[in-house]
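Remarks on the overall topology
Spelled out from the first residue to the last, the chains are:
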Amino acid sequence: MNENTTQKPVDLNALREGDKQAFADMVQQNSDHVYRLALKMTGNPQDAEDVMQETFIKAYDHVAGFEGRSKLSTWLYRIATNEALMLLRKRKKSTKHIEEGFETDDGDVLPVQIVDWCCLPEKELMSSESQDRLRDAALTLSDANRAAFLLRDVEGLTTREAAEALDISQSALKVRLMRARMQLREELSEYFASRMAKEQI
Amino acid sequence: MHEHDMECQDIVKNLNGYIDGELDSELCSQLETHIQSCPKCQVVVNTLKKTIHLYQVDGEQTSLPEDARKRLYACLDLEDYVEKD
C-alpha cells in the first residue's frame, strides 16, 4: 500500500495519542488496500468487510504501541492478514488447497504446463470468465502462500515489507512466493490452453 | 524440459530472483543466454510474468464498495471526520 503522496501524511504522534482526526486520515488512506487484501484472501465480500472492520478496530486499540519501525501501511497489512487467516481457520477453507506442478527434492516446483498463451488478446485474458478463473485459482493456494503472493505481487510490498507483514524471514517469504506464482501459472496455463484449443476447433 | 535438464532446473531455482530483478548481473546474463536458446523456458518465463501481470490488473480493478465504506466509517464512528467527496 503506497501511502499516497498527494494525501496529507498521517500525524503519527497524534494517532498514537488517540486523535480521532489522525485515525480518520489513516482509515481513509488505507481502507481500499485493506479491503482488497481481505477480499482476495477470503474470496467473499461480506468476509472482506468483516476483516476490514476488525482490522481498523484492532488498529485503533493498539496504535498507541505502534513504534514506527515499519511503515504504518505494513503494520495494517499485518493486522489484516492475521484477521483474514483467523477467519479462514474458523471456516476451515484452507482444506481446499491443492498443489499444482511437480515438486523436486529441493522443494522447487517444476513447470508442467508448457503452453504459450501470452499471445491471447488482453480483452480475452481479462474477460469476466477469465477473472473468475483467476480468483478461483488464487483460492486454491494455501492461505500462507496466497498471503505472500497478494502482499508482494498484488499490493506491491517489497520482499522485506511482505516478510514483516507475515512475521516470517525473507527467505521463507521467497519460498512461499515462488510456490504461489508457479501454482497460479499452472492453473492459468491449463485454463488458457483449453480456451486456445476450443478456438482452434 | 528434457534436453537441458540441469540448466532448466537452474532457471526454475532462480526464476523469482530473475523476475524481480534481484539476481547479480553475471547470473542474470547466464539465465538470459539459456532462456534465449530454450523455447520451453521462454514460455515458462513469459507466462509467469503474464500471470503476475493479470493479477495486478485484477487487483487494480478491485475497490472498496461505497456502501461498505460508509458502514466502515459508521462502525468506527468517523462520519464527522472523513473528507466527503
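**Here we look at the overall build of chain B**
A count of helical and extended segments in chain B gives four helices and zero strands. For 85 residues, the compact-globule estimate of 2.2 N^0.38 gives 12 Å, and chain B exceeds it by more than 25% at 22 Å. For chain B, the C-alpha atoms occupy an extent of roughly 65 × 25 × 20 Å along the three principal directions. Burial status across chain B gives 22% buried among its 85 residues.

**As for the overall build of chain A**
Looking only at helices and strands, one finds nine helices and two strands in chain A. Sequence-ordered secondary structure for chain A, helices as α and strands as β, is α-α-α-α-β-β-α-α-α-α-α. Burial statistics for chain A: of 201 residues in total, 41% are counted as buried. A separation threshold of at least 6 residues defines the contact pool for chain A, and within that pool the share at least 24 residues apart is 68%.

**Description of the packing of helix 2 (residues 20-42) of chain A against helix 7 (residues 143-154) of chain A**
Between two packed helices, what matters for the description is the angle formed by their axes and the separation of those axes. Residue and element names in this part refer to chain A. Contact geometry of helix 2 with helix 7 gives a least axis separation of 10 Å together with a crossing angle of 145 degrees. Handedness of the crossing formed by helix 2 with helix 7: right-handed. For the pair helix 2 and helix 7, the contacting residues are L37, K40 and M41 in the first and R146, A147, L150 and V154 in the second. Its residues placed into classes, the contact of helix 2 with helix 7 shows five nonpolar, no polar and two charged.

**As for the confidence of the model for chain B**
Residue and element names in this part refer to chain B. When the pLDDT values of chain B are averaged, the result is 89; 91% of them are 70 or greater. Mean pLDDT across the elements of chain B bottoms out in helix 1 (residues 5-19) (83) and peaks in helix 4 (residues 66-75) (97). Scored below 50 in pLDDT, residues 1-5 makes three contacts in the model with residues more than four places away or belonging to other chains. Reported confidences for the modelled complex are a pTM of 0.90 and an ipTM of 0.90.

**Remarks on helix 4 (residues 72-91) of chain A**
All names here are of chain A. In this model helix 4 runs 29 Å from its N-terminal to its C-terminal C-alpha over 20 residues, within 8% of the 28 Å that 1.5 Å per residue would give. Of all the positions in helix 4, only L72, S73, T74, W75, L76, Y77, A80, T81, E83, A84 and L88 are classed as buried. Turning to helix 4, the residues buried within the fold contact helix 2, helix 3 (45-62), helix 7 and helix 8 (159-166). In the stretch just after helix 4, K92 is the one whose phi turns positive, near 60 degrees.

**Overview of the nonpolar core**
Residues and elements named next belong to chain A. Membership of the largest hydrophobic core comes to 64 residues, with the highest contact counts inside it found for A38, M52, A80, A148, L151 and A162. If you tally residues by element for this core, the top one is helix 2, at 10 residues. When residues no more than four places from it in sequence are discounted, the contact partners of A80 are V34, L37, A38, V51 and T55.

**Re the environment of V10 of chain A**
Residue and element names in this part refer to chain A. Mapping V10 onto the fold places it in the segment before helix 1 (12-16). Residue V10 is classed as buried on the basis of its 21 C-beta neighbours within 10 Å. Sequence separation of V10 and R185 is 175 residues, and the distance between their C-alpha atoms is 38 Å. The contacts of V10, once residues within four sequence positions are left out, are L15, A22, D25, M26, Q29 and L72.

Parameters and conventions
- Residues numbered from 1 in each chain as written.
- Chains lettered and ligands numbered in written order.
- Predicted model: local features only at pLDDT ≥ 70, side-chain atom pairs only at ≥ 80, totals over all residues.
- Helix = DSSP H or I, 4+ residues; strand = E, 2+ residues; numbered from the N terminus.
- Rg over C-alpha atoms; globule rule 2.2 N^0.38 Å.
- Buried ≥ 20, exposed ≤ 12 C-beta atoms within 10 Å, placed from the backbone.
- Contact = placed C-beta atoms within 7 Å.
- Axes fitted to C-alpha atoms, helices over the stretch in contact; angles between N-to-C directions.
- Left-handed = near helix turned anticlockwise from the far one by under 90°.
- Nonpolar A, V, L, I, M, F, W, Y, C, P; charged D, E, K, R; others polar.
- pLDDT = per-residue confidence, 0-100.
- Expected span 1.5 Å × (residues − 1).
- Core = buried A, V, L, I, M, F, W, Y, C linked by C-beta atoms within 7 Å.

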